[in-house]
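Commentary on secondary and tertiary structure
Listed here are the chains, written in short residue letters.
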Amino acid sequence: MDKKFFCQWLKGFENGLDEIDSDSRSCLLKHCAKYCADTGVLQSYLKLYQTVKGNRNEFIAD
C-alpha cells in the first residue's frame, strides 16, 4: 500500500467512526488498540509521534 492510499483510507475510517454510536465505536477501537499494542505497531506510531513532536499533519505526512 502506498502512502496516498493509506491517507485516503484513514480519512474514510474516521468518517465511518463519526457515523456509529459510541458503544460500537468503543468496541471497534478496543480491538484495534489491542492489536496495535500486541504486534508492536503502537511502538512504531509512538516513535513517529515523538519525532514529529505531536504535530498531526507531520505525523500523517511521514
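Residues numbered from 1 in each chain as written. Predicted model: local features only at pLDDT ≥ 70, side-chain atom pairs only at ≥ 80, totals over all residues. Heavy atoms only, no water.

**Re the packing of aromatic side chains**
- This structure, assessed with the given rule, holds three aromatic pairs.
- With centroids separated by 5.7 Å and ring planes inclined at 40°, the aromatic side chains of Y45 and F59 adopt a geometry described as tilted. On the criterion of sequence distance, the pair formed by Y45 in helix α3 (residues 41-51) and F59 in helix α4 (residues 56-61) is long-range, its members being 14 residues apart.
- On the basis of relative accessible area, Y45 is assigned to the partly exposed category, the value being 34%.
- The interplanar angle of 70° and the centroid separation of 6.3 Å between the aromatic rings of Y49 and F59 together place this pair among those described as edge-to-face. Of the two residues, Y49 is situated in helix α3 and F59 in helix α4; the sequence distance between them amounts to 10 residues. (Phe/Tyr/Trp six-rings, centres within 6.5 Å; stacked < 30°, edge-to-face > 60°. Helix = DSSP H or I, 4+ residues; strand = E, 2+ residues; numbered from the N terminus. Buried < 20%, exposed > 50% of the residue type's maximum accessible area, 1.4 Å probe, protein only.)

**Focus: the confidence of the model for the chain**
- Taken over all residues, the pLDDT of the chain has a mean of 88, while the share at 70 or more is 97%.
- At the low end of the mean pLDDT range in the chain sits α4, at 81; at the high end sits helix α2 (residues 22-39), at 91. (pLDDT = per-residue confidence, 0-100.)

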